[in-house]
Amino acid sequence: MTQAAATQAASEADAAARPAFDPRDFRHALGSFATGVTIITAQGADGRRVGLTCNSFASVSLDPPLVLWSIVVHSPSLATFQEASHFTVNVLGRSQADLAMKFARPAEDKFEGVDWTPGRGSAPVLAGTIASFECRNAYRYYGGDHVIFLGEVEAYSYHRDEPLLFSRGAFGSFVPAS
Ligand SMILES: Cc1cc2nc3c(=O)[nH]c(=O)nc-3n(C[C@H](O)[C@H](O)[C@H](O)COP(=O)(O)O)c2cc1C
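If you're wondering where the values come from, they're calculated on a predicted model, not measured in any experiment.

Asks: Mind showing me how you'd approach the overall build of the protein chain here?
Replies: What the protein chain contains, in helices and strands, is four helices and 12 strands. A sequence separation of at least 24 residues applies to 65% of the contacts in the protein chain between residues at least 6 apart.

Below, the structure is given as structure tokens:
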């Protein structure tokens, strides 16, 4: 058996051994994990700006300063994120659910009517957010139907306003546990 045939046979065996989860139920289970909400932005070499609402953001490392997020492989924005030198993670505040919805729908120009300034690599830094992390587009990893982006933070800013949260398919705000 050739190496390629062996690899394909192994991956078919893996698929057969995998549990057959109902995708909708699996999403509901994952929704038990509450998150913040970000909009990740970038500008490609051709000047095309992209941005998507994203809750897969996570901090990874303090030294060096690394963060990650992931994007579905069929996203029309993926090619631009892959070629861009930088991306910006914009962390949304409690009153920015409308902005989150705007960037969660495909559109020709999601930035129309949005206040922003160019950050590192011209990746848009959105106005009125509670934090932004300007990242060098450092590493990419393939994980099933998503591509994971790992960024090295080159600049950041924040202020201590209330974050927008996302849990079980709905936006909300933080209430301290009593
Ligand atoms: C709260 C929330 C979180 C989301 N998180 C992600 C994510 O982490 N990765 C992803 O690929 N899509 C995520 N999405 C969906 C994208 O925002 C949506 O598919 C968007 O249209 C993608 O942009 P594009 O169509 O311009 O590529 C999320 C949507 C919402 C509302």
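Asks: Can you help me understand the nonpolar core in this one?
Replies: Where a protein is soluble and globular, its nonpolar side chains tend to be buried together. Ranked by size, the top nonpolar core spans 27 residues in total, and within it Ile39, Ile40, Leu52, Phe81, Phe87 and Val89 carry the most contacts. Within the residue set of this core, elements represented by two or more residues are β2 (38-43), β3 (49-54), β5 (66-72), β6 (86-91), β9 (131-143), β10 (146-158) and β11 (164-167).

Asks: Explain the sheet that holds strand β4 (residues 58-61) here, please?
Replies: The seven strands are arranged β3-β2-β6-β9-β10-β5-β4 in an open sheet whose pairing can be described as antiparallel. The open sheet has two edge strands with one neighbour each: β3 and β4. This sheet shows a mean twist of 35° between the axes of neighbouring strands, independent of strand direction. For β9 and β10, the ladder comprises 12 bridges, and the chain directions are antiparallel. Note that in β10 the partner of Ser132 across the bridge is Ser157.

Asks: Sorry, what's going on with the sheet that holds β11 here?
Replies: Reading across the sheet, the three strands line up as β1-β11-β12 and stay open at both edges, with antiparallel pairing between neighbours. Each edge of the open sheet carries a strand with a single partner, namely β1 (35-36) and β12 (170-173). Pairing between β1 and β11: two bridges, direction antiparallel. Residue Thr35 lies in a different strand from β11, and its bridge partner there is Phe166.

Asks: For this particular structure, what's the right way to read the site of the ligand?
Replies: Taken together, 17 residues lie near the ligand, and Leu52, Thr53, Ser56, Ser75 and Ser77 sit nearest. Counting only elements with at least two residues in the shell around the ligand, the list comes to β3 and β5. Among the residues forming the shell around the ligand, the class breakdown is 10 nonpolar, six polar and one charged.

Asks: Before we go on, may I ask you to explain the pairing of β12 in this structure?
Replies: Within a regular strand, the side chains alternate between the two sheet faces. Alignment of β11 against β12, held across four bridges, turns out to be antiparallel. Looking across to β12, one finds that Leu165 is bridged to Gly172. Hairpin connection, β11 to β12: the antiparallel pair is bridged by two residues, and Arg168 has positive phi, about 50°.

Parameters and conventions
- Residues numbered from 1 in each chain as written.
- Predicted model: local features only at pLDDT ≥ 70, side-chain atom pairs only at ≥ 80, totals over all residues.
- Helix = DSSP H or I, 4+ residues; strand = E, 2+ residues; numbered from the N terminus.
- Contact = placed C-beta atoms within 7 Å.
- Core = buried A, V, L, I, M, F, W, Y, C linked by C-beta atoms within 7 Å.
- Buried ≥ 20, exposed ≤ 12 C-beta atoms within 10 Å, placed from the backbone.
- Pairing = 2+ DSSP bridges.
- Axes fitted to C-alpha atoms, helices over the stretch in contact; angles between N-to-C directions.
- Near = placed C-beta within 6 Å.
- Nonpolar A, V, L, I, M, F, W, Y, C, P; charged D, E, K, R; others polar.

Fair warning: the whole summary comes from geometry, so function is off the table for now.
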